[in-house]
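Structural characterization, general
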Amino acid sequence: MSFLSRLFQPARPAVPASPSLPEVYWSLAPDQLMAALGSSAAGLSPREAAHRLQHNGPQTLQTHQQTTALGLLASQFKNPLVLILLVASVISLVAAEWVDAAVVLAIVLGSTVLGFAQEYVAGNAIARLRSKVTIHSTVLRDGQPHTLPSHQVMPGDVVLLSAGSLIPADGVVLQARDCFVNQAVLTGETFPVEKRPGAVAAKASLAERANCVFMGTSVSSGTAQVLVTQTGQATVFGQIAGKLALRPPMTEFERGIQRFGYLLTRVMLVMVLAVLAINIFLAKPPIASLLFALALAVGLTPELLPAIVSITLSHGAKRMARLGVIVRRLNSIENLGSMDVLCTDKTGTLTAGVVQLDAALDPAGQTSAGVLRLAGLNAQFQSGLANPLDDAVLAAVRQAGLDLGALHKVDEIPYDFGRKCLSVVVTDTNGRCTLITKGALDKVLALCTHAGDDATALDAARRADIEARFEAWSGQGYRVLGVASRPVPARSDPYSRSDEAQLCFAGFLLFMDPPKADARQTVIDLAQRGVQLKIITGDNHKVARHVAQAVELPVVRVMTGRELNALGDGALMHAAARTTVFAEVDPNQKERIILALQKTGHVVGYMGDGINDALALHTADVGISVDTAVDVAKDAADFVLLRKDLGILRLGIDEGRMTFANTLKYIMTTISANFGNMFSMALASLFLPFLPLLASQILLNNFLSDIPAAAIASDRVDKAWVARPRRWDTRFIRDYMVVFGLLSSVFDLLTFAALLWLFQAAPEEFRTGWFIESLLTELVVALVVRTRGPFYRSRPGRLLLGSTVLMMALALMMPYLPFSAIFGFVPLPAPLLLGMIGLTLAYVLAVELAKKQFYARAANVNA
């Protein structure tokens, strides 16, 4: 669960909370702690808090160093290929090859500046996007609650916690009501542990400190007030942040890129060592041979690939931000494009998310103001998370003109996912106390022994009648809750779950959340893109089925949480793929469903916004939440939607696939041109009495071809690329490299033959002619392989097309420029230049024909 280390943005290290704070602060009484921290039960004053913030700075985790512009520039020179070239330059200087050394250094500098500029702009753009998603905390300032960014919480602050809160600092509990905290990230405990006030032994272990909460953990249920003692690096979490802040697991695309890099590296080493050895054996100049071999390494290897990936991802992230999707983990964009299963709750995605209370009914199904009044009191006095069901109840109370002011809250038994209900205790002006329980109907009914205003015994027949009404309404799409109550004696001790017994069932609450008008079209659009939609909800299975049918989601099978528990992991793997709706499930079951789908080879996305979704969000390949979600859900997500809408997500999927496509275009361009050219040069160096290209010419060729390559990130993408999920296919890439690399080599050999035998070219003319032909073919092939269809039917992006045309013009002009002699170029006769252009056009035609055959064969193999 190291994802919690991403809770805060990097900043300067925290100053220790207080020099007078004892190390074993958990063993002290609250009064002693508040005195040591200069605080009180009402929290800090605004002035004191501002002073501490100014003095100590934001209290954040320094899980990684923020890269400066200078650091990013320096990192460009850590590239092994750049280091190889720098060594080659030094060798040239030692050998007094001044011109070669200057040319190599100039090209190295140009390449690094290009990579730095692109990555610096991309990094700044992503930082601005991530800053839009901030985790907040509620603190007391002079006794009044204030919401502020979590990194502004100071030692001495009193923080208010409720279900779903991410705990921003270490602290001691001052007050708690059934407060359970998930602290598995620190202690490994499977289940949430209860936190309560009171000192514990000085030698208590971390797990034994029941009066303490710790930064990075989260509240599962209940409420608490906590006095902050340690923040930032001084917290328990901060002290081990270096171990917890592990690099996120590689995405499938990253693993594919890595394998591709290893493949090219092996080919490069074999080719370079062989070429160097043979050229030295043939008694060619050793320095020139070494520079030639090293230049082959650079020419073969896609050294701009990391920069191209970063640029492409940042372009995708910026486009997604304009659509309302904030990217929290950049490398997850390709996973979003590869996603073929999307699991989501129905509320707010398939339904409007605007819940209305349609009716408050007694056990006989008649409208009841008494049931509405009890539900209104429960909704008004509950202090947990705000939720749309309570908002709908209170709206109905106001519309009915009911007055709830005569009663006052005494106590509360908070909601949790085991009981699935919440109770409040209220008192009237005469001091009579009533416990009111509201929640899932089956859970509430199980606590009841009587029903109705007359409190008649709840026998089997009456229970069956209530359950039959529940089944009927659920089948109509209503979300049905139960309301119950009973008089309880007044007392000073807190009320507990044991008091939720022998209740009188008051009646039903019927809520309706109608399907969105565009939900059906969204389901169709996702299906057309190869994405299966599955509903995972805690709701009743009949309600879930009704919603699925209303939006025309094909329901193959509905599985309940009880049925899921009866299945082993192996059986669930087979059942999950055939199940459309999972209903009445708990958080751990959601995680099991995600894992089962992943084990069957699916790339799984999960969309959720509640406390019970955090585990599933972290487990999924693509975690998606919304800006209004609880903090723990937003922190676990890879993407945050600015509004809960599957339509936005559909556009985000398209962007993910476009990003994948543009990255793959660069790779395909590299392997279809670079590999062929370098292989041809290596081959030519064996039988030519001179080097086919000088090292400086190879590097210049590589540098000029990289300029349009950087524009691929903003290229247009054909509809075919986004029509279905795309995943890295190593065999496809390997076959592509062999077919188009060899095709490129065939035309290189034709060029050699034309230069040597048709035009009788001297060495300088040979190098100049082949430089032009090889650069032209590498530039135009990017325009051909960027689409699976005919290249003339797919319009490239303006930047790609413009930069390609500009570089082609420069290539043709190169022999005639004043500085061309520095690179060893000479002016070419018109027939020879026209011959190179003709070979380039023939190469374009050959690649287009080969591409058609290649994709047809690939389609047959995959069919």
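All figures in this text were calculated on a predicted structure; none of them were measured in a lab.

Glancing now at a nonpolar patch on the surface. Together, Ile278, Phe281, Leu282, Phe679, Leu683, Leu686, Phe687, Val738, Leu742 and Leu749 line one region of the surface with nonpolar side chains, adding up to about 880 Å² of accessible area. Secondary structure elements with two or more residues in the nonpolar patch: α9 (252-281), α24 (646-687) and α27 (730-758). Of all the elements, α24 adds the most residues to the nonpolar patch, at four residues. Summarising the element assignment, Leu683 is placed in helix α24.

If you walk through the whole model with that rule in mind, you get 18 aromatic pairs. Seen from their ring centres, Phe505 and Phe508 are 5.3 Å apart, and the 75 degrees between their planes marks the pair as edge-to-face. Cluster of aromatic residues (ring-pair linked, three or more members): Phe732, Tyr736, Phe740, Phe854 and Tyr855. The side chain of Arg209 reaches across the aromatic face of Trp26, ending 3.6 Å from its centre. One residue, Arg788, lies across the ring of Trp721, its end atom 5.3 Å from the ring centre.

A few words on the nonpolar core. Ranked by internal contacts, the top residues of the largest apolar core, which has 59 residues, are Leu342 and Phe639. Excluding residues within four positions of it along the chain, Leu342 makes contact with Leu526, Val531, Gln532, Leu533, Lys534, Gly605, Tyr606, Ile624, Leu646 and Leu649. In this structure, Val275, Leu688, Phe690 and Ile698 belong to the second largest nonpolar core, which totals 35 residues.

Now for unusual backbone geometry. Positive phi, close to 55 degrees, is recorded for Asp142, a residue that is not glycine. Not every positive phi belongs to a glycine, and Ala455 is a case in point at roughly 50 degrees. Within the element layout of this structure, Ala455 appears in the loop between β14 (448-451) and β15 (456-457).

Let's shift gears to the sheet that holds strand β19 (residues 558-560). Strands sit in the order β8-β23-β22-β21-β9-β18-β20-β19 across an open sheet of eight strands; the sheet is mixed. Single-partner strands in this sheet number two, and they are β8 (325-327) and β19. For this sheet the average axis-to-axis angle between neighbouring strands, irrespective of direction, equals 20 degrees. Note: β8 against strand β23 (residues 639-641), three bridges, orientation antiparallel.

At a minimum axis separation of 10 Å, helix α28 (residues 763-785) and helix α29 (residues 798-813) run at an interaxial angle of 170 degrees. In terms of axis orientation, α28 runs roughly antiparallel to α29. Packed against α28, whose contacting residues are Ile772, Leu775, Leu776, Leu779, Val780 and Leu783, the element α29 presents Leu800, Leu801, Thr804, Met807, Met808, Ala811 and Leu812 at the interface. Within the contact of α28 with α29, the residues separate by chemical class into 12 nonpolar, one polar and no charged.

Criteria and thresholds
Residues numbered from 1 in each chain as written. Predicted model: local features only at pLDDT ≥ 70, side-chain atom pairs only at ≥ 80, totals over all residues. Heavy atoms only, no water. Patch = residues over 30% accessible without salt bridge, like charges linked within 9 Å, V, L, I, M, F, W, Y side chains within 5 Å. Areas by Shrake-Rupley, 256 points an atom, 1.4 Å probe, with all protein chains shown as cover. Salt bridge = Lys/Arg side-chain N within 4 Å of Asp/Glu carboxyl O. Helix = DSSP H or I, 4+ residues; strand = E, 2+ residues; numbered from the N terminus. Phe/Tyr/Trp six-rings, centres within 6.5 Å; stacked < 30°, edge-to-face > 60°. Lys NZ or Arg CZ within 6 Å of the ring centre and 35° of its normal. Core = buried A, V, L, I, M, F, W, Y, C linked by side-chain atoms within 4.5 Å. Buried < 20%, exposed > 50% of the residue type's maximum accessible area, 1.4 Å probe, protein only. Contact = heavy atoms within 4.5 Å. Pairing = 2+ DSSP bridges. Axes fitted to C-alpha atoms, helices over the stretch in contact; angles between N-to-C directions. Parallel < 35°, antiparallel > 145°, perpendicular 65-115°, else oblique. Nonpolar A, V, L, I, M, F, W, Y, C, P; charged D, E, K, R; others polar.

All we've got here are geometric facts, nothing functional implied.
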